[in-house]
Amino acid sequence: MFTPEYFMKQALQEAEIAKEKDEVPIGCVIVFKDRIIARGHNLTEQLNDVTAHAEMQAITSAANFLGGKYLKDCTLYVTLEPCVMCAGALTWSQISKVVIGARDENRGFINQNVKLHPKTEIVSGILENECSEIVKNFFKNKR
């Protein structure tokens, strides 16, 4: 049995891939029955697409893997709290659980009072420092 920290480390690996591509370093994985079925990292610059967030990439991949649009019994591990757009997609996917590394006080869905599907469980703070630092350092180096 894998721990939440294990899966968040996998999401952090995706964030590192994004950073190497000069994308905002956010990564995620989607887990079904203790197995990673989808991975995603930001691709907005590479694809020139504002919707190419890590979560959107992973949701599409997981739905294709499962053969349906609903992600029931799946858990998303994401390094940074999803934005409103991604929260909307997660709501429509009916994902069972969202595990957040670091909160995004400015652009995250929680402070915007966006509610996920009523049955979706939300957990935050898993490897929070590591998840926060990768984003902070990315923008610090940009300035």
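Rules used in this analysis
Starting afresh in each chain, residues are numbered from 1 along the sequence in its written order. Selection of residues for local features in this predicted model requires a pLDDT of at least 70, selection of side-chain atom pairs for listing and counting requires 80 or more, and totals for whole chains, interfaces and linings are taken over all residues. Water and hydrogen atoms were dropped before computing side-chain values, which therefore reflect all heavy atoms in the structure. A cavity here means a set of points on a 1 Å grid, drawn over the protein atoms and nothing else, where a 1.4 Å probe fits but cannot get out; a pocket is an open set with protein on both sides within 12 Å along at least five of seven lines, and a residue lines either one if it has an atom within 4 Å of a point. Grid points are joined across faces, edges and corners, and a volume is the space filled by probe spheres set on the points. Segments assigned H or I by DSSP are reported as helices when at least four residues long, segments assigned E as strands when at least two residues long, and all are numbered from the N terminus. For this classification, Asp, Glu, Lys and Arg are treated as charged, while Ala, Val, Leu, Ile, Met, Phe, Trp, Tyr, Cys and Pro are nonpolar and the rest, including Gly, are polar. Whether two residues touch is decided by their heavy atoms; if any such pair falls within 4.5 Å, the residues are in contact. UniProt positions are given in the numbering used here, feature names are shortened, and annotations may be inferred rather than shown by experiment.

Visitor: Sorry, what's going on with the layout of surface pockets here?
Guide: Gaps between atoms show up when a probe of the same size as a water molecule is rolled over them. By volume, the largest pocket amounts to about 700 Å³. As for the largest pocket, its lining consists of 24 residues, and the residues nearest its centre are Val24, Ile26, Leu80, Asp104 and Arg107. The set of elements that each furnish at least two residues to the lining of the largest pocket consists of helix H4 (84–93) and helix H5 (128–142). It is H5 that provides the largest number of residues to the lining of the largest pocket, a total of five residues. Of the residues contributing to the lining of the largest pocket, the split by class is ten nonpolar, five polar and nine charged.

Visitor: Hey, could you run me through the side chain of Glu14 in this one?
Guide: Counting through the fold element by element, Glu14 comes out in helix H1 (residues 4–20). Apart from residues no more than four positions distant in its own chain, Glu14 is found in contact with Gly27, Cys28, Arg39, Gly40 and His41.

Visitor: Just to check I follow, could you spell out the UniProt feature "binding site: Zn(2+)" (unreviewed entry) in the protein for this structure?
Guide: Per the UniProt record, the feature "binding site: Zn(2+)" (unreviewed entry) sits at His53, Cys83 and Cys86. A maximum C-alpha distance of 9.2 Å places the annotated residues, which cover 34 residues in sequence, within one compact spot. The subset of these annotated residues that lines the largest pocket comprises His53, Cys83 and Cys86. Its place among the elements puts Cys83 in the loop between strand E3 (74–80) and H4. Among all residues touching Cys83, those that are not within four sequence positions of it are His53, Arg107 and Phe109.

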